[in-house]
Amino acid sequence: CMFSGLSMSAMNRWLGVLVLLVGSLVTAAATEPFADQLAALQSRLQADPTNTLILFQLGDLCYHEGANNNEKAVILAEGYLKRLLAIDTNQAMARVRYGSVLTMKARDTLWPLTQLSYVKAGNREMDAAVKIAPNDAQPAPVQIARRCVCGSPHPASHHVSELGPLRFQVACVVHRAR
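Each value, and the rule that gives it
- Residues numbered from 1 in each chain as written.
- Predicted model: local features only at pLDDT ≥ 70, side-chain atom pairs only at ≥ 80, totals over all residues.
- Heavy atoms only, no water.
- Helix = DSSP H or I, 4+ residues; strand = E, 2+ residues; numbered from the N terminus.
- Buried < 20%, exposed > 50% of the residue type's maximum accessible area, 1.4 Å probe, protein only.
- Contact = heavy atoms within 4.5 Å.
- Areas by Shrake-Rupley, 256 points an atom, 1.4 Å probe, with all protein chains shown as cover.
- Polar contact = N/O pair within 3.5 Å; in protein donor to acceptor, adjacent residues only side chain to side chain.
- Salt bridge = Lys/Arg side-chain N within 4 Å of Asp/Glu carboxyl O.
- Core = buried A, V, L, I, M, F, W, Y, C linked by side-chain atoms within 4.5 Å.

### Comments concerning the overall build of the protein chain
Counting its secondary structure elements, the protein chain contains 9 helices and 0 strands. Reading the secondary structure of the protein chain in the N-to-C direction produces α-α-α-α-α-α-α-α-α. Considering the protein chain as a whole, with its 178 residues, one finds that 35% of them fall into the buried category. Across the protein chain, contacts joining residues at least 24 apart in sequence account for 47% of those joining residues at least 6 apart. Of the roughly 10700 Å² of accessible surface on the protein chain, a fraction of 61% belongs to carbon and sulfur atoms.

Dropping the structure here:
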């Protein structure tokens, strides 16, 4: 064994160094800027343009950046997720993300009727995801997403079943406007 000549304290020091090294690598990967992550994934997609995993990773990356009020990232997420769903319509999580992206577009537009149409379309997509995989644990966040459809939770945490579909959508638009 390579550690047979080391004392217990020396092994503990090496173990501590190893833990710090791994921790710093994980932290570096987690803090990699959005633009760098986007460029790396786009490069991988160029080599394999119909790879649904890469399309989902791009859509997910842009979705999370869009949640931070980056309107350009929302548009990118929409494009990647549309491409993925054109290839495979049975991707429930991609459909959930796509529906949520549409509601982010509602958040980012000024016109109330346009907001309402995006919210309706987003809700339809999220409902379709549940129909695709009704027993799948992954689309379960749809119920939570429907509560937070406009980017922030409603103060009273209303749900579509409590208000009815149209009132819920209007409440989202009104809540977003506050």
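### Quick notes on the environment of F56
If you trace the backbone, F56 turns up in helix 3 (residues 52-66). On a C-alpha basis, the gap between F56 and M93 in space is 8.9 Å, while along the polypeptide they are 37 residues apart. In contact with F56, other than residues within four places in its own chain, are L81, L84, M93, A94 and R97.

### Observations regarding the side chain of E78
Tracing the chain through its elements places E78 in helix 4 (residues 71-87). The buried category is assigned to E78, whose relative accessible area is 11%. A polar contact is formed between the side chain of E78 and the side chain of K105, at a distance of 2.8 Å.

### Structural notes on the pattern of salt bridges
In this structure the tally under the stated criterion is 5 salt bridges. One salt bridge connects R97 with D60, and the closest N-O pair in it is separated by 2.6 Å. Here R97 is found in helix 5 (residues 92-108), whereas its partner D60 is found in helix 3, with 37 residues between them in sequence. One continuous salt-bridge network, built from bridges that share partners, spans E78, K82 and K105.

### Here's the deal with unusual backbone geometry
In this structure, N69 is a non-glycine residue whose phi angle is positive, near 70 degrees. Positionally, N69 belongs in the loop between helix 3 and helix 4.

### Concerning the nonpolar core
If you look at the biggest cluster of nonpolar residues, it comprises 24 residues, and the most contacted ones within it are L58 and Y80. Of all the secondary-structure elements, those providing two or more residues to this core are helix 2 (34-47), helix 3, helix 4 and helix 5. Sequence-distant contacts of Y80, defined by excluding residues within four places in its chain, comprise L38, Q42, L45, L55, L58, G59 and C62.

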